[in-house]
Amino acid sequence: MNRKHAYWLCQVAGWLLYAVIGIVIGVAFQSFSWRYVAAALMNVAVGFALTHLWRWWILKHGWLNLSLRELLPRIILTSVWLAIVWLGFSMIVSLLLSRLSSIPVEVRGGVALATWFNWSAALFIWALLYCGVHFFENYKQAEIQKWRLEAAVKDAELTALKSQLNPHFLFNALNSIRALIIEDPIRGQEAVTKLAGILRYSLHTGAAELATLRAEMEFVEDYLSLEMIRFDDRLTVDWRLSQEALDCAVPPMIVQTLVENGVKHGVAARRQGGTIKLRAWLENDQLRIQVGNDGRIDADPHSTKLGLLNATERLQLLFGPGAALTLTEGANDQVLADLSLPARTLKETTASQPPRPAFEMTK
Amino acid sequence: MMRVLIVDDERLARNELRRLLASFPALSIVGEAHDADEAALLLISLQPDLLFLDIQMPGRNVFDWLALLERAPLVIFTTAYDQYAVSAFEVNALDYLLKPIELARLRRAIQKVLLERSEAAPGTAPLTQNDQVFVREGERCWFVKLANVRLLESEGNYTRLYFDDLRPLISRSLNLLAARLDPQTFFRASRKHIVNLHWIERISPSVRGGLTLWISGGLEVEVSRRQSQAFKERKSL
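Residues numbered from 1 in each chain as written. Chains lettered and ligands numbered in written order. Predicted model: local features only at pLDDT ≥ 70, side-chain atom pairs only at ≥ 80, totals over all residues. Heavy atoms only, no water.

1. Structural notes on the packing of helix 6 (residues 185–204) of chain A against helix 7 (residues 213–231) of chain A
Residues and elements named next belong to chain A. Note the threshold: Helix axes are fitted only over the stretch in contact, all axes being lines through C-alpha atoms; the angle between N-to-C directions runs from 0 to 180 degrees. Runs of E in the DSSP output that reach at least two residues are strands. Runs of H or I that reach at least four are helices, and both are numbered from the N terminus. When describing relative orientation, an angle under 35 degrees is termed roughly parallel and one over 145 degrees roughly antiparallel, while 65 to 115 degrees is termed roughly perpendicular and anything else oblique. By definition, any crossing whose near helix is turned counterclockwise from its far helix by less than a right angle is left-handed, and any crossing with a clockwise turn is right-handed. What makes two residues a contact is simply this: any of their non-hydrogen atoms within 4.5 Å. Any residue that is not Ala, Val, Leu, Ile, Met, Phe, Trp, Tyr, Cys, Pro, Asp, Glu, Lys or Arg is counted as polar, Gly included; the first ten are nonpolar and the last four charged.
Axis separation between helix 6 and helix 7 bottoms out at 9 Å; the angle between their running directions is 140°. Between helix 6 and helix 7, the crossing angle belongs to the class labelled oblique. Note that helix 6 runs across helix 7; the crossing there is left-handed. Taken together, the residues of helix 7 that come into contact with helix 6 (itself represented by Arg 187, Ala 191, Lys 194, Leu 195, Gly 197, Ile 198 and Tyr 201) are Ala 215, Glu 216, Phe 219, Asp 222, Tyr 223, Ser 225, Leu 226 and Ile 229. Across the contact of helix 6 with helix 7, the residue classes tally to nine nonpolar, two polar and four charged.

Structure follows, in C-alpha cells:
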C-alpha cells in the first residue's frame, strides 16, 4: 500500500469514526432526530474537506520538513482558525436546514463556543496524527538510509582489504626466503629487507587514498624481485617508465594488483614462465600505465577477475569517468592491462581536496 | 625404506623440503618433479611410495591429474595458502602441510604415512584392497581405499564406485578395472557389476536361475547365470 492510499484510507475511516461517535453521543444525550444526524454528517463532511485542504497546504508549504518547534504553533493557530471556518459552515448549514424544515434554530453563544473548542481540538489531533505518521516514516527512512550508508562503507573497506597483499604471495615468499637463508644468506637477508618494504607500504597505504607512482613502482619492484627468487629464471621483467610519469599520483596497490594478476596468469600458470612488461608515460594530460604478460585472457576458467573488478571500482570512485582500465589480448599471445587516469601530482590532488594522509615511501 | 618423490614447481621450495626430510632416516628422496607431467613419468620409472605434492602448479590441475592415475600413491599435499583446497581435503586426505613447513608438523604427517603404508603393494601387481584410488566429482575429492569399495557399477565409459554412503563416478570403464582388480577380492557378477566379496551380507537364488547378492548398505546385485556358476564353484556351494 503506498502513502496516498494509506492517507485516503485513514482520512475516510477516521472521519467516519468521528461521525459515528458524534451521532451516538448526540443520540444518547438528546432524543433521536434525522435532522440531528443530517447536521452531524454535514459537519463531518465539512471537516473532511477542510482537513483535506489543510493537507494540501501542509504539503505545499513543506510543513513536514519543519522542526517541531516551528510546526507546533502553526498547527495550533491553524486548528483554531479552521474551527471558526468550520463553525461558520455549520451555522450556514443549520440555517438552511431550518429553513427547509421550517423549524427555528436557536444559536446560543455557549454552545457555539464549546463547539469551536471541540473542533479546534479535533483539527489539532488530526494534524498531530498526520504529521506524526510522516515524522515516523521519515525517521524510518533515515534509519534505513543510515544502514545503507554503513553497509556501503563496509563494502568499500572490504574492497580496500582485498586490494592489499595476497596472502598466497606472502607465504610463498616466506617459504622461499627460508630456503634462501641456508642456500645464500646474503640474498636471504636482502629478501627479508624487500619483504619488510612491501609489508610497510601495504600497511601504510591502507590509510592513504593516493601515492606517487614512484612509491608504487618501488613497491612493485620489491614485489617482483621476491617473485623472481621464487620463480628463478621463469620470470623476467621489462621496465620502461618515463620520469614525469613517476611524479603522478595513483591509488596505491593498483599497479601491484595488475602486476600480481600478470604474474599469476602469465608466469605461475605457465611451465615456461614469462615476461612482465611495465610501461608508464604521459599522453594528453593522462597518465598511462600498461602491464603486459604472456598468455591469453581465457586460459584460466577459474579466474574470477575479482582483482580487476575491484581496481576498476576504485578508479571510478576516485576519478569518475576520467579514468579507465581495460584488459585486452594483443598480438602474439600477450595480455595487456591498460590503465589511464588524469595526470596529477600528489600536491595537485591534495590541494584540490581536504588534506588526507598521503604516503611517500622512503628507502 | 620409503621412497619419496617431491613435486613442486619452485626450486627453493623443493630444496627446503629436501632439507627438512633429511632428518627422517625412514625416507629416501628418489626424485623431484617440476610439474604434474614430469611427476607422471617419474611415478612409473621411480615407483615412489609417497608424494609431496604442491597444490598450485603450472599446467594441469593436480586433482584432475591424481584422478587419472590408476593407483593413487600416498600423497601429502603442500600449499602456501589455499583454504579451499585444505577444506576440500579435510574429509580423508592423508595430510596436508602449510608452507613454510613446520618440522614438528612434518614429523606427525610422516608418522601417519608410515602407519598407512605397511600394507602398500608393488606397482605392477593387480589392484588389491590395500590400494587406493583418487576420486574427484565436481568440487569434492576423496582418496578411496579399495577395501572400502563395496560395489563397482558400469555406466558406459564410466564406473560408479559405492563406498561409505557415497557413489561418485570415475572415468574408467568397468572392463578396464576388471582386468586390473585383484580377483581374490573383486568378483565380476555381470557385465554391469563388480562386487567386493568382503561386503556380501547374504546370497539368495534369483528368479532367473542365477543368484542375488545382498551387499551391505542395502545394495542388491543380480549375478548372471554363467557367473553364478563360477561364484558357486569358488565358494564351493
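Having seen the model, we can carry on.
2. A short note on the packing of helix 5 (residues 167–183) of chain A against helix 7 of chain A
Residues and elements named next belong to chain A. Look at helix 5 against helix 7: their axes get within 9 Å of each other, and the N-to-C directions meet at 60°. One way to sum up the angle between helix 5 and helix 7 is to call them oblique. In the crossing of helix 5 with helix 7, the sense of the turn from one axis to the other is left-handed. Of helix 7, the residues touching helix 5 (which contributes His 168, Phe 169, Asn 172, Ser 176, Ile 177 and Leu 180) are Tyr 223, Leu 226, Glu 227, Ile 229 and Arg 230. Its residues placed into classes, the contact of helix 5 with helix 7 shows six nonpolar, three polar and two charged.

3. Description of the packing of aromatic side chains
Short version of the rule: Working definition: a ring pair exists when centres of Phe, Tyr or Trp rings (six-membered ring for Trp) sit within 6.5 Å. Plane angles under 30 degrees give stacked, over 60 give edge-to-face, the rest tilted. A simple rule labels every residue: compare its accessible area, found with a 1.4 Å probe on the protein chains alone, to the largest value its type can have, and call it buried under 20%, exposed over 50%, or partly exposed in between. The rule is short: NZ of Lys or CZ of Arg within 6 Å of the ring centre and within 35 degrees of the ring normal puts a charge over the ring.
For the structure shown, the criterion picks out 18 aromatic pairs over all chains. Ring plane angle 35° and centroid distance 6.3 Å describe the contact between Trp 8 of chain A and Phe 48 of chain A, whose orientation is recorded as tilted. Of this pair, Trp 8 of chain A sits in helix 1 (residues 3–29) while Phe 48 of chain A sits in helix 2 (residues 34–60), and the two are 40 residues apart along the sequence. Judged by relative accessible area, which is 35%, Trp 8 of chain A ranks as partly exposed. On the basis of relative accessibility, which here comes to 24%, the residue Phe 48 of chain A falls in the partly exposed class. Between the NZ or CZ atom of Arg 55 of chain A and the centre of the ring of Tyr 7 of chain A, over which it lies, the distance is 3.8 Å. The ring of Trp 214 of chain B carries the charged tip of Arg 202 of chain B above its face, separated from the ring centre by 4.5 Å.

4. Describing the pairing of strand 13 (residues 200–205) of chain B
For clarity, the threshold we go by: Note on pairing: DSSP must find at least two bridges between two strands before they are called paired.
The sheet contact formed by strand 13 of chain B and strand 14 (residues 211–215) of chain B spans five bridges and is antiparallel. Residue Pro 205 of chain B lies in a different strand from strand 14 of chain B, and its bridge partner there is Leu 211 of chain B.

5. Comments concerning the sheet that holds strand 10 (residues 169–170) of chain B
Residues and elements named next belong to chain B. In spatial order, the strands read 10-9-8-12-11; together these five strands make up an open sheet with antiparallel pairing. The open sheet has two free edges, formed respectively by strand 10 and strand 11 (186–188), since each of these has just one partner strand. Across two bridges, strand 9 (residues 158–163) lies against strand 10 in antiparallel orientation. Paired with Thr 159 across the strands is Ile 170, a residue of strand 10.

6. Some words on helix 6 of chain A
Residues and elements named next belong to chain A. As a reminder of what qualifies: To estimate how far a helix should reach, multiply one less than its number of residues by 1.5 Å.
Across its 20 residues, helix 6 extends 29 Å between first and last C-alpha, which sits within 8% of the 28 Å expected from 1.5 Å per residue. For helix 6, the set of buried residues is Gly 188, Ala 191, Leu 195, Gly 197, Ile 198, Tyr 201 and Ser 202. Buried residues belonging to helix 6 abut helix 5, strand 1 (211–212) and helix 7.

7. A few points about the interface of chain B and chain A
Let me state the cut-off plainly: As a working definition, buried area equals the accessible area (1.4 Å probe) given up by two parts on being put together, with both sides summed. Any carboxyl oxygen of Asp or Glu that lies within 4 Å of a side-chain nitrogen of Lys or Arg is treated as forming a salt bridge with it. Any pair of nitrogen or oxygen atoms within 3.5 Å is treated as a polar contact; in protein, a donor-acceptor pairing is required on top of that, and neighbouring residues in sequence qualify only through side-chain atoms on both sides.
In this assembly, 19 residues from chain B lie in contact with 21 residues from chain A. Surface buried jointly by chain B and chain A totals about 1,900 Å² across both partners, of which 49% is contributed by carbon and sulfur atoms. The three residues of chain B that bury the most area against chain A are Glu 10, Leu 12 and Tyr 81 of chain B, which together make up 31% of that side's buried surface. The interface formed by chain B and chain A includes seven salt bridges. For Asp 35 of chain B, the salt bridge identified is with Arg 271 of chain A, shortest N-O distance 2.9 Å. In this assembly, chain B and chain A are joined by ten residue pairs in polar contact (both at pLDDT 80 or more).

8. Examining the confidence of the model for chain B
Using the following cut-off: You can read pLDDT as the predictor saying how much it trusts each residue, on a scale of 0 to 100.
Of the residues in chain B, 90% reach a pLDDT of 70 or more, and the chain-wide mean stands at 86. Scored as a complex, the prediction yields pTM 0.63 and ipTM 0.74.

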